[in-house]
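This is what each chain is made of:
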Amino acid sequence: MARRVVITGVGLVSPLGIGTDATWQGVKAGRNGIAKIESFDASAFACRIAGEVKEFDPAQYIEKKEIKKMGRFIQLALAATEYAVSCSGFRVRPGEEELTGVYIGSGIGGFDVIEREHRNYLEHGPRRISPFFIPATIVNLASGQVSIRTGAKGPNSATATACTTSAHAIGDSYRLIQHGYADSMICGGAEACICPMGIGGFAAMRALSTRNEAPEKACRPWDRDRDGFIVGEGAGILILEELETAQRRGAHIQAEIVGYGMSGDAYHLTAPSEDGDGAYRVMCNALRDAHLEPSAIDYINAHGTSTEVGDRIETQAIKRCFGEHAYKLAVSSTKSMHGHLLGGAGGLEAGITVMALRDQIAPPTINHDNPDPECDLDYVPNHARPLKMVHALSNSFGFGGTNGALIFKKWC
């Protein structure tokens, strides 16, 4: 029999605030975290706005001599881990090191470091390339650095499955605990690619909003006037523990994870299939894994990126999976407030979903002013709402047609 898995810690760093409480307060207030880009001169770019983490000082979490060895995504992951550990009261105990694992992903990794070191090479030659270039850049070094700092010697891995990265990291960690490969996992994802090549690349695909003069209105999932997504940065880290392990140490349990689904579209590099088949199947797979009927779900934290095609197709998939119950669900996209964290999105949004269950509050979709007639579900428009919830689902869909869905249960 598979073991039960609970969430005892949530660590969030986002454009809405540094720390879990700051982020969650921003979500409940329906606050916008999107603004004009400050980290580089974006005046020549089609999109000049993003969800940056303002006033982030890595020296508050990392020894100064170590900072230069890490890309920003690693720094954000370490900060979020500190908040998760603090929330959980968790620590790796002597003799239990091999029972604690780390599984933190990133869709792109150290894009900022790649740009910087390539510039150093072009301007000064190969001798000026930093010896820390590679370990500051590669995706699994977020997990590696967390492992080194916590002493966790159990399963250590990283996902890089585009915008589904964090959901897969959390779901895979859930499986590892279920089947006895670990008792505890530090898991989630981080992303930091608000840099010229990151913004320029997505802009070249014409995927980004160009509502540059009104950044607070730019990300508007399911709204008729949406014109693309907004890149965000940050990290979302969860502490997962086997139930009896958590109870034995007297942990304060935030929620239980009860279902995990995966699917592939097998359709297109960047677009979902028109019938939303991959999104439909991943939600069905998560429900099947949780042994739940569709009517058991009360809230969906949707992928909801604010793209014309993606929002419409996710709505269709929800209707197909949930039938008439789809119209009784609360469905929201917190990306409307913090932007799309790409590989970090699923971690941040899973953490927000856990907070929503804990406090029985459905997060809002802000900027939902002119509903798209093809998107006709209850998207919790503009204001958070008290809502009795037992089960909540979090969706993540990525380029290449890779999908993940997580189901969380309120802890009573």
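The structure this text deals with has already been given above.
Residues numbered from 1 in each chain as written. Predicted model: local features only at pLDDT ≥ 70, side-chain atom pairs only at ≥ 80, totals over all residues. Heavy atoms only, no water.

Novice: Help me out: how do you make sense of the overall build of the chain in this one?
Specialist: Assigned secondary structure in the chain consists of 13 helices and 15 strands. Over its C-alpha atoms the chain spans a radius of gyration of 20 Å, differing by no more than 12% from the 22 Å that the globule rule assigns to 412 residues. Along the longest, intermediate and shortest principal axes, the C-alpha atoms of the chain span 65 × 55 × 40 Å. By element, 52% of the accessible surface of the chain is carried by carbon and sulfur atoms, the whole surface being about 15,900 Å². Looking at the chain, you have 41 positive and 47 negative side-chain charges, and the mean spots of the two groups are 3 Å apart. (Helix = DSSP H or I, 4+ residues; strand = E, 2+ residues; numbered from the N terminus. Rg over C-alpha atoms; globule rule 2.2 N^0.38 Å. Areas by Shrake-Rupley, 256 points an atom, 1.4 Å probe, with all protein chains shown as cover. Lys, Arg positive; Asp, Glu negative; His and termini not counted. Charge placed at Lys NZ, Arg CZ, Asp CG, Glu CD.)

Novice: Just to check I follow, could you spell out the environment of Ser147 for this structure?
Specialist: Checked against the element boundaries, Ser147 lands in helix H6 (residues 141-150). Sequence separation between Ser147 and Gly101 is 46 residues, and the spatial gap between their C-alpha atoms is 7.7 Å. Among all residues touching Ser147, those that are not within four sequence positions of it are Val102, Ala152 and Asn156. There is a polar contact of 3.5 Å between the side chain of Ser147 and the side chain of Asn156. (Contact = heavy atoms within 4.5 Å. Polar contact = N/O pair within 3.5 Å; in protein donor to acceptor, adjacent residues only side chain to side chain.)

Novice: It is not clear to me how unusual backbone geometry should be interpreted in this structure. Could you clarify?
Specialist: If a residue is not glycine, its phi is most likely negative; likewise, a peptide bond is most likely trans. The phi dihedral of Asn367 is positive, around 65°, even though this residue is not glycine. Secondary-structure assignment places Asn367 in the loop between strand E12 (361-362) and strand E13 (385-386). Looking at Asn367, the relative accessible area reads 5%, which means it is buried. Its identity is not glycine, yet Asn382 carries a phi of approximately 75°, on the positive side. Looking at where Asn382 falls in the secondary structure, it is placed in the loop between E12 and E13. (Buried < 20%, exposed > 50% of the residue type's maximum accessible area, 1.4 Å probe, protein only.)

Novice: Can you help me understand the packing of helix H3 (residues 72-88) against H6 in this one?
Specialist: Describing two packed helices takes the angle between their axes plus the distance from one axis to the other. Running from amino to carboxyl end, H3 crosses H6 at an angle of 45°, the nearest separation of the two axes being 9 Å. In terms of axis orientation, H3 runs oblique to H6. In the packing of H3 onto H6, the handedness of the crossing is right-handed. On H6, the residues touching Phe73, Ile74, Ala77, Leu78 and Thr81 of H3 are Leu141, Ala142, Gln145, Val146 and Arg149. Its residues assigned to classes, the contact of H3 with H6 shows 7 nonpolar, 2 polar and 1 charged. (Axes fitted to C-alpha atoms, helices over the stretch in contact; angles between N-to-C directions. Parallel < 35°, antiparallel > 145°, perpendicular 65-115°, else oblique. Left-handed = near helix turned anticlockwise from the far one by under 90°. Nonpolar A, V, L, I, M, F, W, Y, C, P; charged D, E, K, R; others polar.)

Novice: Quick question: what am I supposed to make of the packing of aromatic side chains here?
Specialist: The description of an aromatic ring pair rests on the distance of the ring centres and on the angle between the ring planes. Enumeration over the complete set of coordinates arrives at 6 aromatic pairs. Ring centres of Phe202 and Phe399 lie 6.5 Å apart, and the angle between their planes is 55°; on these two criteria the pair is classed as tilted. Taken as a pair, Phe202 in helix H8 (residues 196-204) and Phe399 in the loop between strand E14 (391-398) and strand E15 (402-410) lie far apart in primary sequence, 197 residues in all. Residue class for Phe202 comes out buried when judged on its relative accessible area of 12%. For the ring pair Trp222 and Tyr379, a centre distance of 4.2 Å and an interplane angle of 10° mean the geometry is stacked. In this pair, Trp222 is assigned in the loop between H8 and strand E8 (234-242) and Tyr379 in the loop between E12 and E13, connecting sequence segments 157 residues apart. (Phe/Tyr/Trp six-rings, centres within 6.5 Å; stacked < 30°, edge-to-face > 60°.)

Novice: It is not clear to me how the environment of Gly109 should be interpreted in this structure. Could you clarify?
Specialist: Tracing the backbone shows Gly109 in the loop between strand E5 (100-105) and helix H4 (111-124). In this structure Gly109 touches Phe73, Thr137, Val139, Glu191 and Ala192, once residues within four positions along its chain are discounted.

Novice: Looking at this structure, how should I read a nonpolar patch on the surface?
Specialist: Together, Tyr121, Leu122 and Ile129 line one region of the surface with nonpolar side chains, adding up to about 290 Å² of accessible area. One can find Leu122 in helix H4. Look at Leu122 and you get exposed, because its relative accessible area is 58%. (Patch = residues over 30% accessible without salt bridge, like charges linked within 9 Å, V, L, I, M, F, W, Y side chains within 5 Å. Salt bridge = Lys/Arg side-chain N within 4 Å of Asp/Glu carboxyl O.)

Novice: What should I look at first to understand the pattern of salt bridges in this one?
Specialist: Opposite charge on two side chains lets them pair, provided their charged atoms get close. In total, this model carries 28 salt bridges according to the counting rule given. The shortest N-O distance in the salt bridge between Arg211 and Asp227 comes to 3.3 Å. Of this pair, Arg211 sits in the loop between H8 and E8 while Asp227 is found in the loop between H8 and E8, placing the two residues 16 residues apart along the sequence. You can call Arg211 partly exposed: its relative accessible area is 24%. Given the relative accessible area of 31%, Asp227 is considered partly exposed. With its nearest N and O atoms 3.2 Å apart, the salt bridge here joins Arg312 to Glu274. Of this pair, Arg312 sits in helix H11 (residues 308-322) while Glu274 sits in the loop between strand E9 (255-264) and helix H10 (277-290), and the two are 38 residues apart along the sequence. Under the relative-accessibility criterion, Arg312 is labelled buried at 11%. Exposure remark for Glu274: the relative accessible area of 43% places this residue in the partly exposed category.

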